[in-house]
Each structure stands twice: as structure tokens, then as C-alpha cells.
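Chain by chain, the residues:
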Amino acid sequence: MERKKTKNRREFIRSSMRFGMVLALGGVGGLAFRNAAAGKSVWQIDPFKCTWCGRCATHCVLNPSAVKCVHAYEMCGYCDLCGGYLKVGHSDRSTAAENQLCPTAAINRKFIEEPYYEYVINEDLCIGCGKCAEGCTAFGNGSMFLQIKHDICVDCNECSIARVCPSDAIKRINGPDPYLMKGDFSEPA
Amino acid sequence: MRNPLITFLVFLVTLIILAVVIADYMSTRPGRRPPNPFAYDVDEFRLLSEDLLRWRETGQIRLDTTPAAMAYGEGNIFLAAGRELQVIDMQGRRILRKQLPSTPTAIALTGNGMITLALGNYLVLLDYEGNITDESPAVDNGRFTSVAGSNGYIFVADAARRRVLIFNDLLEISDEFAGESGVSDIHGFILPDSHFSLAINPENELWITNPGLHKLQNYTFEGRLRSYIQRRSFDINGFSGCCNPVHFAFLPGGEFVTSEKGIIRVKVVSESGELVSVVAPSDKFERGTRAPAVAADESGNVLLLDFDKNMVRIFEPV
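A quick note: this is a predicted structure, and the numbers were derived from the prediction, not measured. (Residues numbered from 1 in each chain as written. Chains lettered and ligands numbered in written order. Predicted model: local features only at pLDDT ≥ 70, side-chain atom pairs only at ≥ 80, totals over all residues. Heavy atoms only, no water.)

Engineer: Go over the overall build of chain B with me, naming the residues and quoting the values.
Structural biologist: Within chain B, the secondary structure is distributed over one helix and 24 strands. For 318 residues, the compact-globule formula gives about 20 Å, and the C-alpha radius of gyration of chain B, at 26 Å, lies well above that figure. For chain B, the spread of C-alpha atoms along the principal axes amounts to about 105 × 50 × 45 Å. In chain B, buried positions account for 53% of the 318 residues. Considering only intrachain contacts with a sequence separation of at least 6, the fraction spanning at least 24 residues in chain B is 44%. As displayed, chain B offers around 14,600 Å² of accessible surface, 50% of which is attributable to carbon and sulfur atoms. The distance from the centre of the 30 positive side-chain charges to the centre of the 39 negative ones in chain B is 11 Å. (Helix = DSSP H or I, 4+ residues; strand = E, 2+ residues; numbered from the N terminus. Rg over C-alpha atoms; globule rule 2.2 N^0.38 Å. Buried < 20%, exposed > 50% of the residue type's maximum accessible area, 1.4 Å probe, protein only. Contact = heavy atoms within 4.5 Å. Areas by Shrake-Rupley, 256 points an atom, 1.4 Å probe, with all protein chains shown as cover. Lys, Arg positive; Asp, Glu negative; His and termini not counted. Charge placed at Lys NZ, Arg CZ, Asp CG, Glu CD.)

Engineer: So what's going on with the side chain of glutamate 134 of chain A? Which residues, and what values?
Structural biologist: Within the element layout of this structure, glutamate 134 of chain A appears in helix α3 (residues 131-139). Discounting residues that sit within four places of it in the chain, glutamate 134 of chain A has contacts with Trp52 of chain A together with Tyr40 and Val42 of chain B.

Engineer: Describe in detail the interface of chain A and chain B, supporting the description with residues and values.
Structural biologist: Frequently, the measure chosen for interface size is the accessible area removed from exposure when the parts meet. On the side of chain B, 30 residues touch chain A, which itself brings 36 residues to the contact. Per-residue buried area on chain A facing chain B is highest for Leu81, Val88 and Phe139 of chain A; these three make up 25% of the total on that side. Here chain A is connected to chain B by one salt bridge. Joining chain A to chain B, the criterion identifies four residue pairs in polar contact (both at pLDDT 80 or more). Secondary structure elements with two or more residues in the side of chain A that touches chain B: α2 (55-59) and α3 of chain A. Tallying contributions element by element places α3 of chain A first for the side of chain A that touches chain B, with six residues. Residue classes in the side of chain A that touches chain B are distributed as 19 nonpolar, nine polar and eight charged. (Buried area = accessible area lost by both parts, 1.4 Å probe. Salt bridge = Lys/Arg side-chain N within 4 Å of Asp/Glu carboxyl O. Polar contact = N/O pair within 3.5 Å; in protein donor to acceptor, adjacent residues only side chain to side chain. Nonpolar A, V, L, I, M, F, W, Y, C, P; charged D, E, K, R; others polar.)

Engineer: Would you mind going over the state of the cysteines in detail, with residue names and values included?
Structural biologist: A covalent bond between the sulfur atoms of two cysteines is what we call a disulfide. Residues and elements named next belong to chain A. Applying the stated criterion to the full structure yields one disulfide over all chains. Here cysteine 69 is not cross-linked by a disulfide; its sulfur's nearest cysteine counterpart is in cysteine 132, at 3.5 Å. Free of any disulfide, cysteine 82 has its nearest cysteine sulfur in cysteine 136, 5.9 Å distant. Accessibility expressed as a relative area gives 8% for cysteine 82, which makes it buried. (Disulfide = S-S within 2.5 Å.)

Shape descriptors only; they carry no functional weight alone.
Listed below in C-alpha cells is the structure:
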């Protein structure tokens, strides 16, 4: 009759350590695989959390900021009386500087046909202050909103805007799909 | 550390580091940050003169189903909610609850004891017991958002096709119009979103919103533009944004009760377009929610269908 093999304490510790190391290696490998499969993540603004506090314009490491206003044309009402373009108390609905809400005149208003007007953001002039987004959301469909432009963003490890964002609207999202466009996932106005 | 100079230097460096950390913390923590140099205060549009607030909320009726549309008549509230027709009295007691073949989008009492319900792109007629008595054919690509009826006609606002359809009493489309008058400087219905509403006033006049132009327009039953009111302004006296007013109803005296989106507010506007009073200012609603549907009873009380709180809110004049 064969004698049952017994493990002494030393063998037990050795095999436990081996098992633990294999487990840790597998975990690290799994995490690395997951990160590789997920691709690079990037910073982006959730337009439904954004409160247009102005810090995107003042706290980005770049000047002007990598945050720009973007326009979801499929949501836009192409209004003549545009809350994102016209300043409150405007003297008339024209492109005169004193009527414009944008501090850098970064929005071009173009007549399409009566009574429709198209609003195009000039990214070179936009500083990401969010005034237009606030006006558009308060009075209109909310088709203007802020996004971090990834052809400009230097992707800091810790986004200096995210650090001071009062509504936690800036988060890391999947790199291959780096924008949170309102028209794609908004609810009916 | 016997050298007092080294001790002093270490102490000084530690102090400087501590000062920098504390200054950084103090300057960036919420509440101590510098004010927004680009601040745009739209809250001034939410503030109102006390003189305009001549209504108070006197009742709330909670609903157990998400509502879609509301009508008032015969002392009761008729609701299209979920996939049901519900009838409740003004105390909130349920009188009737009937299942519908699909989700309703608009409701109206169209005379002769009949309820007309729009179910997306077709109509059904129901009696007050909730039995379906007739059904119209579906309209391709239609999205019916409002219904009103009088003198055997049923008028339907089709937001998808930007037209008003006229149904006869056999629920056949007898005519339709797109709001053009034939005059070059007056346009058809401009609908930047899917809000498109119509109603018939106590004088039997058909009024239709033209929200892209911030107008309420009066049409004949044949679809000819007769008159309109238009007030365009960011302030409380007018309508602003891409598309307002989104809903409206009539008080017994013929004034409009209008509901606006964006900065949500419900106002009473005279027949000539002047602001009379404010029923519910924007602080009565959550920000970013939907503008309520409106109705009025024969005593001049205003009923608001609050889509986000799932309730009917009753306002009485002070």
C-alpha cells in the first residue's frame, strides 16, 4: 500500500508563493491587455454636466484654450433671434460687434434663407468661454456646447481644467471615440 | 544638525513649502476661486416683478404613468399617459382608465361627446367610456403633436410634415395647409423642433403656433391666415429662443396661456399679444426640463401638465 505523500510547511509556503506569483502575473497581464484593447483615453467634457463656468478659457495650459465651442447642426434651429449669438439688449439682429455675445466674435452668422441663419464657429478665435453655449441652452435647443479639441489638446496627465471644474464635467473617455457630441445622445428638447 | 544655520535654512524651506501648498489650496478650492471673467447671467430673465405674479399654485395631482398630453372638459382632466387614456376629476380621483393600441401623442375633446387621440401618425375617436369608435388611416411620415376640433372638423398639427391636416367627421383628410398665405413676406410654419400646437378659442377661431417666428397665428377653417400676434424678445414680455411658445390654451375670456421652453415659464398674454401676468415663473420648474402642456378650466384656473414631476399642477388667479 502506497504511503500518502505529506507536505511539510516549507513546501506549502513555496507552492503558495508560486501560485501567488502566477496569479499576480496573470492579473498584470490581464490589465495590460485590457488597456491595450481599450486604446488611449483622452479628456473630454460631458456637455450635459457643463455649467459654462468660464474656467475652460482661463485654466487650460494652452493659450488660447484647447476647449472650443462646437455646434450640433442637426439640433440647431437656425434662428434669427439666436440666444447663443446675440447679446441681451442688442440693438438689432445684425452682425454688428455691439450685438454679439461672443467676446472674440468667433461666431459667423450667415443668412441661409428667410428666416434661417447658420452659425459657424471660428475655432481660431474661440477661447472656450462658453457664453454662447449658455445662451443657446437657456433660450434655444442647446446645440452649441463645449468640447476639448484633440488636435489642439496636449493631453496632460492631470487636466488643469478638470482639477477646477465645479461640476465634474471633464472625464477621461475612450480615445478612438474622443468627442461627446450632443446630437448623438441628447434627449428631445 | 548641530549647525544652527542649517537648522534655520531647513526650517525656512519647510515654511516656504508649507506657504506655497496652503496658498495653492486656498486659491483653487471652490468658493475661493476668482469670479468668471466671462460670466453671462441669464438668471436676470428668471426674475420677475411681483406685480406680474397674480397666480398661486393651489393643487397638485400626482400621476402614476408618464403623461404625454392633457385636455380639460366636462369638469374632468383627460390624459394621454403611457399607453392609456386616463380621466381624472379635479380632486385627482380616477374616473376612467383605458388601454390604447399604441402610445398617444395628443388629445382633445372634439365635441359631440367624443375624445380624439393622436397616436403618432393617426387618429382614434373614443366615446367618454373610452371605447374606440373610429380610426383614421395612418399618414406616412406624420407626427401628430396637437389636436383640436369644432363644427365637425378636426385639426391636427403634423410637426414632421409642418402642416395642419383637416379631418372630416368620417376621419378622412379633407384638406391640409402649410401656413403660407401667398404673400411673399409671410412664411409657412417654421418648426425648429417637434413642438407644434393648435387650439380653438371660445369664439371658435383656430389659432396655431408658428414657434420659429415666435408667432401665434389665426387661420380660417379653410387654412387662410387671418391675423397673428408676434412678440420677439429675450425678456418676459416676448417669446425668444428657437421655438416658442411651445404649448398654449385659452382662458374663458379669450386670453392666451402660453408655455415656453428654454427658460421655462407660463404666461397669460392678451388677444393682442401684450403680457398680462405670469402664471408660473421659471423657478417653479427644474432647470433643463420640458415646458409643461397647458389647459384651462371654465373658472379660469390654469392646469399645467408637468412632464418631469409626473403631475398636473393647478394654478388659480389671486
